[in-house]
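Summary of the model geometry
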Amino acid sequence: MFLILFLASLTGLRLAAQDKTVTYYADPAAVPPDQPIAIRHLTAHVRFTPEQNLVMGTAEFTFVPNRYQNDSIVFQTPGFKISSVKINNREVKFHLTGSSLVVDSRSVVRDSASRFPYPESRIEITYTATPLAGSIYFIGWKPEEAGKRREIWAHRPQGWLPYMDGRITVDMFVTFDKRYNVFSNGERVEITDNPDGTRTWHYAMKKDHPYFSTALVIGDYRYKTAKTSRGTPLEYWYYADMPDRMATTYKYTAQMFDFFEREMGVAYPYPVYREAPVIDYMYGAMETTTSTIFGDYMLIGPRAW
């Protein structure tokens, strides 16, 4: 009898030990959004009037529908005014609700109802935006900021580009006063001087990356190039009036690449890497694909180093 009771108690203990309770806070953001489409590529043309906190742009997304039928496509567009939306070069209906753009996509269904999976399509959004605080920063352009360093910077696309979660390739065309240099993600394909005194910078992400990992920096910068031991091009951006701070700030960048590639056994997957300091940055730094920005209080000269 004792043996039976002993074995029974062990069985009970074992069952109790397997009965684990897991508790957690409900987090709606933990569930991936149900996207009716998958964006594949972005071709963006953007201009800025920083004195008015204004963005003017056209964003064309190449996409593939995720399901057989959908009647709307939603982008995050806080502070946007939309002048037109086209799907496959055809004007379509849309409306703004809160911080979202809702596009009538039934024309895609009509065009593609007999074919599944759907062919690749394009949606073009023409807009102006007055970005909300915390999305893109226009610093030094207002009369009350006279004497402050003039910059435009963003470490995420929300607020100055229509946004939807996805992994994409990118062609980014940024047009601005040619006295300033433009920093973004990917390879710098071309710089074109325009008759109106502006310059258009074309950056391209030919390998897909998370769209949220998009950066932009415009200011009075210079940069120096270098290479890792594997030949990956590096760009060290610095303020034009602080060339003495470049060498110390970026002193070990190439060695860091060698160390991480050796320790992790994974080669850096993109064709370039660049860094730039920005004014009034509220954190330490922000990693975006191929391009890191950091607070300019870390742009230091030999004495501080």
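Below is a short write-up of the structure.

**Describing the overall build of the chain**
In terms of helices and strands, the chain carries four helices and 20 strands. In the chain, which comprises 305 residues, the proportion classed as buried is 46%. Accessible surface, the chain as shown: approximately 16,600 Å² in total, 55% of it carbon and sulfur.

**Some remarks on unusual backbone geometry**
For Asp 280, which is not glycine, the phi torsion reads 60° and is therefore positive. For Asp 280, the location among the structural elements is in the loop between β18 (273–278) and β19 (285–288). Taking the relative accessible area as the measure of exposure, Asp 280 reaches 40% and is therefore partly exposed. Unlike most non-glycine residues, Thr 290 shows phi in positive territory, near 70°.

**Notes on a nonpolar patch on the surface**
A cluster of nonpolar residues, Tyr 252, Met 256, Phe 259, Phe 260, Met 264, Val 266 and Trp 305, forms a patch on the protein surface that exposes about 770 Å² of accessible area. Mapped onto the secondary structure, Tyr 252 falls in the loop between α3 (246–249) and α4 (253–264).

**Quick word on the pairing of β19**
Judged by which residues are buried, β19 turns out to be one-sided: Met 286 and Thr 288 face inward and are buried, whereas Ala 285 and Glu 287, on the alternate face, are not. By the bridge criterion, four bridges tie β19 to strand β20 (residues 291–295) in an arrangement that is antiparallel. Bridging from a neighbouring strand, Glu 287 pairs with Thr 292 of β20. Taking the residues that link successive antiparallel strands as the turn, the β19-β20 hairpin has two residues, and the phi of Thr 290 there is positive, at about 70°.

**Considerations on the environment of Tyr 268**
Turning to its location among the elements, Tyr 268 is positioned in the loop between α4 and β18. Exposure remark for Tyr 268: the relative accessible area of 19% places this residue in the buried category. Beyond its immediate stretch of four places on either side in the chain, Tyr 268 contacts Arg 230, Thr 232, Phe 257, Glu 261, Tyr 273 and Thr 290.

**Some details on the sheet that holds strand β9 (residues 137–139)**
Read from one edge to the other, the open sheet built from four strands follows the order β9-β10-β15-β12, with strand pairing classed as antiparallel. Of all strands in the sheet, those bounded by a partner on one side alone are β9 and β12 (181–183). When strand polarity is set aside, the average angle formed by the axes of neighbouring strands in this sheet is 15°. Of the strand pairs in this sheet, strand β10 (residues 151–154) and strand β15 (residues 216–219) are connected by four bridges, and their pairing is antiparallel. Looking across to β15, one finds that Glu 151 is bridged to Gly 219.

**Examining the packing of aromatic side chains**
Summed over the entire model, instances satisfying the criterion amount to 23 aromatic pairs. Ring geometry for Tyr 137 versus Trp 153: centroids 4.2 Å apart, planes at 20°, classification stacked. One end of the pair, Tyr 137, is in strand β9; the other, Trp 153, is in strand β10, and 16 residues separate them in sequence. Classification of Tyr 137 as partly exposed rests on a relative accessible area of 21%. If you follow Lys 207 out to its NZ or CZ, it ends over the ring of Tyr 270, 5.9 Å from the centre.

Thresholds, definitions, all that
Residues numbered from 1 in each chain as written. Predicted model: local features only at pLDDT ≥ 70, side-chain atom pairs only at ≥ 80, totals over all residues. Heavy atoms only, no water. Helix = DSSP H or I, 4+ residues; strand = E, 2+ residues; numbered from the N terminus. Buried < 20%, exposed > 50% of the residue type's maximum accessible area, 1.4 Å probe, protein only. Areas by Shrake-Rupley, 256 points an atom, 1.4 Å probe, with all protein chains shown as cover. Patch = residues over 30% accessible without salt bridge, like charges linked within 9 Å, V, L, I, M, F, W, Y side chains within 5 Å. Salt bridge = Lys/Arg side-chain N within 4 Å of Asp/Glu carboxyl O. Pairing = 2+ DSSP bridges. Contact = heavy atoms within 4.5 Å. Axes fitted to C-alpha atoms, helices over the stretch in contact; angles between N-to-C directions. Phe/Tyr/Trp six-rings, centres within 6.5 Å; stacked < 30°, edge-to-face > 60°. Lys NZ or Arg CZ within 6 Å of the ring centre and 35° of its normal.

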